[in-house]
Amino acid sequence: QLLPALKRARGQLLAECKVAGGDISAVPSMNNGRFNPPVERLSSVLGQVRSDERGGRDDAALGDWGRLNLFVRRVLIPEGVVLYYEDLSAEKGLLVLATDESLALAREFGLDAAATDCKHDTTRGCRSMYSHVRVPTPWGWVLVAAWIGPAENTATIDTALKALAANVPCSDPTCPHTVTGRWEGHLYRQCRCCSRTFRPWVGTDKHLPTYRAIESAGYRGAVLDLWHGFKAYDQRLLALNIRDSAAVLANGAFRLWTRSESDAKATLMRAEVITFVLAQCRTVPPVWNIEQAVQLLQYCDSCWFLPDNIRQSWIDERRLSVMGLGGTHGPMTSTSGVLDRHLNISTGPPENSHKVLDDLFMRAQLNRDVMTVAVRVSGKDAHGRDGVGVFDFEMKRLADQRGTNPKVSVDVRLSTARAALQLLRLLAAGNLDEKVVLHDDATAFVHKFGNERLLRHAEPGDSGVRRFPWALKAMKDVLKHAGPLSFSRVDDDFYTVDRYTGRCDCDASHYHGVTSAVGTCKHARLTAWVAEYKSGPSGAEAVVKAAQQALYTLVHERERSKPVCLRCGPLYTAADAEAIVELLDEHVSVPPTGKSTGLDDAVRAVAPPAHEELLFSVAAVRDASSPHHDLGLLFVPVEYEDEAPEGGRSLLELRVASYSRRASGGVGPGDHAGDTIRPGDIVFAVNGDPELPLPYSQADQTLALPAYKPATLHFYRPTPTPGREEEGAGPSAGGRPAARQAKYPAAGGRQESALGGAPARRARKPQAVPARLHPQVEVGEGGLRRQVSRVSDHFLGEGYMEHEIARLAELNDTYVP
């Protein structure tokens, strides 16, 4: 905490010394123990300061809850930051905090959406809960209220939400917004004279007390966070031993049910899910046995399909309403503001704020006393002195970002650039009306884009658009994700797009939906652009400029952030978007890997190693479906500043620029023998003969190696250079230094050898491996323990599942893959 102030003081001393012409060696170094003492020497002083913040030894004798009660009565209530207070103890009590500035933000940005989450803290046997509510702004989600108590149940959440709603000022300019506070025994309430206007949809995880509290507090309703919901479903699949390809089918059916745009459609899709799950027991071989199918359906019915509050908070109906998508709002345009609104309700921002609270304010990850939480949140210490609290931090962050362009996610920028590329291509070819057909105000048909030239990933990984198995095609037909005309022109290679909601027939739209952080798909974005382009001359000019800017910015920034040795020269030096459109016919744009190649951009590449045992090789796998090997690699010719180094083969060498997507859907090299090739390596021979020219295809940036015989690539890895030509320069853009060190080690100040190094990070929260990545375990029928034993016959009804099975006993082959 002292380092920033010490650095400013040292900088001021240096400046004064230079102006006076003195000796700068007299200025103390950051490694001077007297000027910048280590943490060990300051531990006792810091302990005294922190103890004084909490009230010192006298208040400590009261215990954690006792001194917090004293702090609230003596400091926080006179400061006007307490909305509700009830004497706190280990069993009961509640403290709700907010500031006038945060409540004004709730009025400004909380009309439609909010999110809440809770964090548990335990220290010395004192168990406390820290919960808060945030509202979305174009610059992120901001804190509007927080509450602290020993428990988190329906009663405490209901009280806190009501206290917040009673204190949010209204928008009436004639209202005085008078605030009154009164004591009722050991209970304190604060409220405004305004009429209540704060009734947003509230995002939450699958916590039933929060669900009930949101409804009883008079809010519009709960919206279940997508990540928590899909995680809970995936964990159930693992418990039922539904894994690998079976998990892909089960997840696909559940996602299609999630895409229901109304309660009636959800009921219809439930019947389709039941039919599909039972039908997989009759395939050859069966996807799962009847016992697994019954348990999966019981779980879905009891936890998802039948409970009204869970079902309505999960399907797309409420999310579409929050986003302002629907027939009452008119067709979408690129400037209507509904394509990428910031109202994607999620508990991600509250979850992330827990990390901010831990790292920046508490300097701890697990345990802290409840008094420290109140001090850090309110920004006041036990003596009423001002400090930096969470509310102050949020206000400052928002004030710094207001007026700037909001950040846009990588997926949104990529989808926009893909639509822009297709629009500019169609305009150049003059066939825009043929490829994008605005059928009416509700429906449009967009021709498939073809081979993708703007890739999402540069390395192999389990990510990207999930493809729905063909067995789910009948469920997609019933869903009609893009409206009544869904799949009506699929035989002509056209996707259907709902112009009101942006929902499309493509797999990306089915998988992510239009209300997630990924946003609408590229076909919907192209449709919105075309609609505005045809609205008039001014609209056409604005659309073309926006498309050119989106495409040029994405491609140029990608190449700029790569090391020089890995850049695609033509794309990087392209003058404008029109040049990039032409170049993308020959080159593929891939993002940077984010990893250092170990190469120094200022120094020429070294010659190939002279000894054969130092060479690396990789054997490509034969692919009978293509005339050439699908290597999953993109190459660029090796360019030297002057002449090739001694022993080099400048005209016959190719540098691996990046990985690319293979026909199978994976990214990067497939199964192979030998060493692993990676971006930055230089290929100098194929099948052992370095004198033969490499069969390089300039248009595709690939090697045309015949698939009828095996192929071996010989390559070398340039030796990392020890330094740079320019003294004091940082590492190459897009990569980290080879030796990572903490910027601020515990022994003292920042180490000079750690230029650009990554700061020490706490371990990330481990995540479970998805069920689709687990290998299937063979279990005989009847060998599984029932995982849904807690589901009562009273809820599902006696003989419920037997009745469903009997009703659907006569199955056809609709869902049999």
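Residues numbered from 1 in each chain as written. Predicted model: local features only at pLDDT ≥ 70, side-chain atom pairs only at ≥ 80, totals over all residues. Heavy atoms only, no water.

Asks: What am I meant to see in the pattern of salt bridges here?
Replies: As a working rule, side chains carrying opposite charge can pair if their charged atoms are close by. Counting across every chain of the model gives 36 salt bridges. We note a salt bridge from Arg456 to Asp411, for which the minimum N-O separation is 3.1 Å. You can see Arg456 sitting in the loop between β11 (443–447) and α19 (473–479) and its partner Asp411 sitting in helix α17 (residues 410–429), a full 45 residues away along the chain. Under the relative-accessibility criterion, Arg456 is labelled partly exposed at 25%. A salt bridge links Arg418 to Glu452, with the nearest nitrogen and oxygen atoms 3.4 Å apart. Here Arg418 is found in helix α17, whereas its partner Glu452 is found in the loop between β11 and α19, with 34 residues between them in sequence. Accessibility expressed as a relative area gives 18% for Arg418, which makes it buried. Overall, Glu452 belongs to the partly exposed group, its relative accessible area being 25%. (Salt bridge = Lys/Arg side-chain N within 4 Å of Asp/Glu carboxyl O. Helix = DSSP H or I, 4+ residues; strand = E, 2+ residues; numbered from the N terminus. Buried < 20%, exposed > 50% of the residue type's maximum accessible area, 1.4 Å probe, protein only.)

Asks: How should I be thinking about the sheet that holds strand β12 (residues 494–498) in this particular structure?
Replies: Note: strands within a sheet are paired through backbone hydrogen bonds, in either parallel or antiparallel orientation. Pairing is antiparallel in the open sheet, where three strands are placed in the order β10-β11-β12. Two strands close off the open sheet at either side, each with one partner strand: β10 (436–437) and β12. Alignment of β10 against β11, held across two bridges, turns out to be antiparallel. Bridged to Val436 within β11 is Val446. (Pairing = 2+ DSSP bridges.)

Asks: Where do I start with the confidence of the model for the protein in this structure?
Replies: One rule of thumb: low pLDDT means the predicted coordinates there are not for detailed reading. With 75% of its residues at a pLDDT of 70 or more, the protein has an overall mean of 77. Low pLDDT, under 50, characterises residues 334–342; the stretch is placed with 25 contacts to residues that sit more than four places away or in other chains. For residues 808–817, every residue scores under 50 in pLDDT, and the model assigns this stretch 21 contacts once sequence neighbours within four places are set aside. (pLDDT = per-residue confidence, 0-100. Contact = heavy atoms within 4.5 Å.)

Asks: Before we go on, may I ask you to explain the pairing of strand β15 (residues 654–659) in this structure?
Replies: Looking along a regular strand, one sees side chains alternate from face to face of the sheet. Most of β15 is tucked away: six of the six residues are buried. As paired elements, strand β14 (residues 633–637) and β15 share five bridges and run antiparallel to each other. Bridged to Leu633 within β15 is Tyr659. Pairing of β15 with strand β17 (residues 682–686) involves two bridges; the strand directions are antiparallel. The residue bridging Arg655 from the neighbouring strand is Ile682, located in β17.

Asks: Would you mind going over helix α22 (residues 537–560) with me for this structure?
Replies: Side chains three or four residues apart in an α-helix point the same way, a direct result of the helix having 3.6 residues per turn. Between its first and last C-alpha atoms α22 spans 34 Å; for 24 residues at 1.5 Å apiece the expected length is 34 Å, and the two agree. Buried within α22 we find Gly539, Ala540, Val543, Ala547, Ala550, Leu551, Leu554, Val555, His556, Arg558 and Glu559. Elements in contact with the buried residues of α22: α17, α21 (522–533), α23 (569–573) and α24 (577–583). (Expected span 1.5 Å × (residues − 1).)

Asks: Help me understand the packing of α17 against α22, please; the structure alone is not making it clear to me.
Replies: Two quantities define a packed helix pair, namely the angle between the helix axes and the distance between the axes. Here α17 crosses α22 at 125°, and the two axes come no closer than 8 Å. Regarding the angle of α17 to α22, the classification is oblique. Of the two possible hands of crossing, α17 and α22 adopt the one that is left-handed. Residues Arg413, Leu414, Thr416, Ala417, Ala420, Leu421, Leu423, Leu424 and Leu427 of α17 touch α22, and the partners they reach there are Val543, Val544, Ala547, Gln548, Ala550, Leu551, Leu554 and Arg558. Here the contact of α17 with α22 is built from residues that sort into 13 nonpolar, two polar and two charged. (Axes fitted to C-alpha atoms, helices over the stretch in contact; angles between N-to-C directions. Parallel < 35°, antiparallel > 145°, perpendicular 65-115°, else oblique. Left-handed = near helix turned anticlockwise from the far one by under 90°. Nonpolar A, V, L, I, M, F, W, Y, C, P; charged D, E, K, R; others polar.)

Asks: Would you take a moment to explain the nonpolar core for this structure?
Replies: Inside soluble globular proteins, nonpolar side chains tend to come together where they are buried. Counting residues in each nonpolar core, the largest one holds 77 residues, and the members touching the most others are Leu164, Tyr219, Tyr233, Trp257, Leu296 and Trp304. Take this core: its biggest share by element is eight residues, from helix α9 (residues 244–258). Of all hydrophobic cores here, the second largest spans 36 residues; its members include Leu414, Val497, Cys504 and Trp529. (Core = buried A, V, L, I, M, F, W, Y, C linked by side-chain atoms within 4.5 Å.)

Asks: Looking at this model, I keep getting lost on the packing of helix α6 (residues 154–165) against helix α7 (residues 208–216). Mind explaining?
Replies: Taken N-terminus to C-terminus, the directions of α6 and α7 make an angle of 40°; their axes are 8 Å apart at the nearest point. Comparing the axis directions of α6 and α7 gives the class oblique. For the crossing formed where α6 meets α7, the hand is right-handed. Residues Thr154, Ile157, Asp158, Leu161 and Lys162 of α6 pack against Pro209, Thr210, Arg212, Ala213, Ile214 and Ser216 of α7. Here the residues of the contact of α6 with α7 are counted per class, giving five nonpolar, three polar and three charged.

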